Amino acid sequence: MIKVPKGNTQKDVSAEVFKILDSSEPRSLATIIDVPCGDGTFAKFLKDSFPEAHVVGVDKFCEVPDRRIEFFKLGAQDFFRSQCPKNIDAITSISGVMCFDVTEELLSLVHAALKKNGLVVITNDNIMTVRDKLNFLFFSHFKRFKLTFAKHEGNWNLLLPQAVYMLLERHNFRVQSIRYTSIYVEDWIFLPYTILKILR
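A short tour of the structure in this document, coming up. Bear in mind that the values here come from a model prediction, so they are computed numbers and not experimental data.

Attention now goes to the side chain of aspartate 125. Here aspartate 125 lies in the loop between strand 5 (114–122) and helix 5 (130–139). A distance of 2.7 Å separates a polar atom in the side chain of aspartate 125 from a polar atom in the side chain of serine 95. Ignoring any residue separated from it by four or fewer positions in sequence, one finds aspartate 125 in contact with Thr9, Gln10, Ser95, Met98 and Phe145.

All right, on to the nonpolar core then. Residues Phe18, Leu21, Ile32, Phe42, Leu46 and Phe50 are the most contacted members of the largest nonpolar core, which totals 23 residues. With five residues, the single largest contributor to this core is helix 1 (residues 13–22). If we skip the residues at most four places from it in the chain, phenylalanine 42 touches Val4, Ser14, Val17, Phe18, Asp34, Thr92 and Ile94. Ranked by size, the runner-up nonpolar core spans 22 residues in total, among them Ala76, Leu107, Leu159 and Phe173.

We now examine a nonpolar patch on the surface. On the surface, Leu134, Leu137, Phe138 and Phe139 cluster together to form a nonpolar patch covering roughly 470 Å² of accessible area. Position of phenylalanine 138 among the secondary structure elements: in helix 5. By relative accessible area, which is 60% here, phenylalanine 138 ends up exposed.

This part takes up the packing of aromatic side chains. This model, assessed by the stated rule, comprises five aromatic pairs. On the basis of an interplanar angle of 70° and a centroid distance of 4.9 Å, the ring pair of phenylalanine 18 and phenylalanine 45 is categorised as edge-to-face. Taken together, the residues span a long stretch of sequence, with phenylalanine 18 in helix 1 and phenylalanine 45 in helix 2 (residues 41–49) at a distance of 27 residues. With relative accessibility at 5%, the residue phenylalanine 18 sits in the buried group. Taking the relative accessible area as the measure of exposure, phenylalanine 45 reaches 12% and is therefore buried. Aromatic side chains phenylalanine 72 and phenylalanine 79 sit 5.1 Å apart centroid to centroid with 55° between the ring planes, which places their arrangement in the tilted category. Each member of the pair, phenylalanine 72 as well as phenylalanine 79, carries the same accessibility label: buried. Through a chain of ring-to-ring contacts, three or more aromatic side chains come together here, namely Phe18, Phe42, Phe45 and Phe50.

Sheet architecture is open: five strands sit in the order 3-2-1-4-5, paired in parallel fashion. Taken across any chain shown, the strands that pair with only one partner, and hence form the sheet edges, are strand 3 (70–72) and strand 5. Shown here is a sheet whose adjacent strand axes are inclined to one another by a mean of 20°, direction ignored. Pairing geometry for strand 2 (residues 54–58) and strand 3, over three bridges, is parallel. Residue pairing in the sheet places valine 58 in a bridge with phenylalanine 72 of strand 3. Set on the sheet, helix 4 (residues 103–113) makes contact with strand 4 (88–93) and strand 5; between it and strand 5 the angle comes to about 135°.

One pass over the structure, following the stated rule, counts one cavity of 30 Å³ or more. By volume, the largest cavity amounts to about 110 Å³. Lining of the largest cavity is provided by Val35, Ile91, Ser93, Val97, Phe100, Thr103, Leu106, Leu107, Val110, Val120 and Ile122. Among the secondary structure elements, those contributing two or more residues to the lining of the largest cavity are strand 4, helix 4 and strand 5. In terms of residue count, the dominant contributor to the lining of the largest cavity is helix 4 (four residues). Looking at side-chain class alone, the lining of the largest cavity contains nine nonpolar, two polar and no charged residues.

Definitions and cut-offs
- Residues numbered from 1 in each chain as written.
- Predicted model: local features only at pLDDT ≥ 70, side-chain atom pairs only at ≥ 80, totals over all residues.
- Heavy atoms only, no water.
- Helix = DSSP H or I, 4+ residues; strand = E, 2+ residues; numbered from the N terminus.
- Polar contact = N/O pair within 3.5 Å; in protein donor to acceptor, adjacent residues only side chain to side chain.
- Contact = heavy atoms within 4.5 Å.
- Core = buried A, V, L, I, M, F, W, Y, C linked by side-chain atoms within 4.5 Å.
- Buried < 20%, exposed > 50% of the residue type's maximum accessible area, 1.4 Å probe, protein only.
- Patch = residues over 30% accessible without salt bridge, like charges linked within 9 Å, V, L, I, M, F, W, Y side chains within 5 Å.
- Areas by Shrake-Rupley, 256 points an atom, 1.4 Å probe, with all protein chains shown as cover.
- Salt bridge = Lys/Arg side-chain N within 4 Å of Asp/Glu carboxyl O.
- Phe/Tyr/Trp six-rings, centres within 6.5 Å; stacked < 30°, edge-to-face > 60°.
- Pairing = 2+ DSSP bridges.
- Axes fitted to C-alpha atoms, helices over the stretch in contact; angles between N-to-C directions.
- 1 Å grid on protein atoms, 1.4 Å probe; cavity = no way out; pocket = protein on both sides within 12 Å on 5 of 7 lines; lining within 4 Å.
- Points joined across faces, edges and corners; volume = space filled by probe spheres on them.
- Nonpolar A, V, L, I, M, F, W, Y, C, P; charged D, E, K, R; others polar.

Functional significance is not addressed by these values, which are geometric in nature.
Structure (structure tokens):
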């Protein structure tokens, strides 16, 4: 069993992204862009897993010292505007959609960069867990994210799955699947509540 590094996201997310990429035809992964790539943990794992692929990492704040990765220290929009990549086989964005200022414009640029039948894998952190809802109800804040952010902070643009889906549809992406991955032990505490909701 391949152990996929967690990186700076929730558990099992990177593993699920890799599973999607790994199920693609190897010849279809000549070029992979990971944005934002953070410190390059997942990008380096991609290069180890697909050594023939040209792996590109893009991040506004971090550095990726691995010379096997072509790295750009840019924001996502700035990268796609300035570099104008074309015929890209796969683009991954792990826990990044909430970091982007103008998501609609970015998705338009991403779509233009992809080759026909290219693959985009986007993950989005969940703010709809029972724990988040209870925290907001009783304490006026969420469990995993702050209620407000400073101007210099990322992760502020929290989008619900419905919004991400609609943005993708508007920009002519064909959504193949929506999956939930990060189940923690403490989540099982709320199983009886969930069953009652289903049976109502």
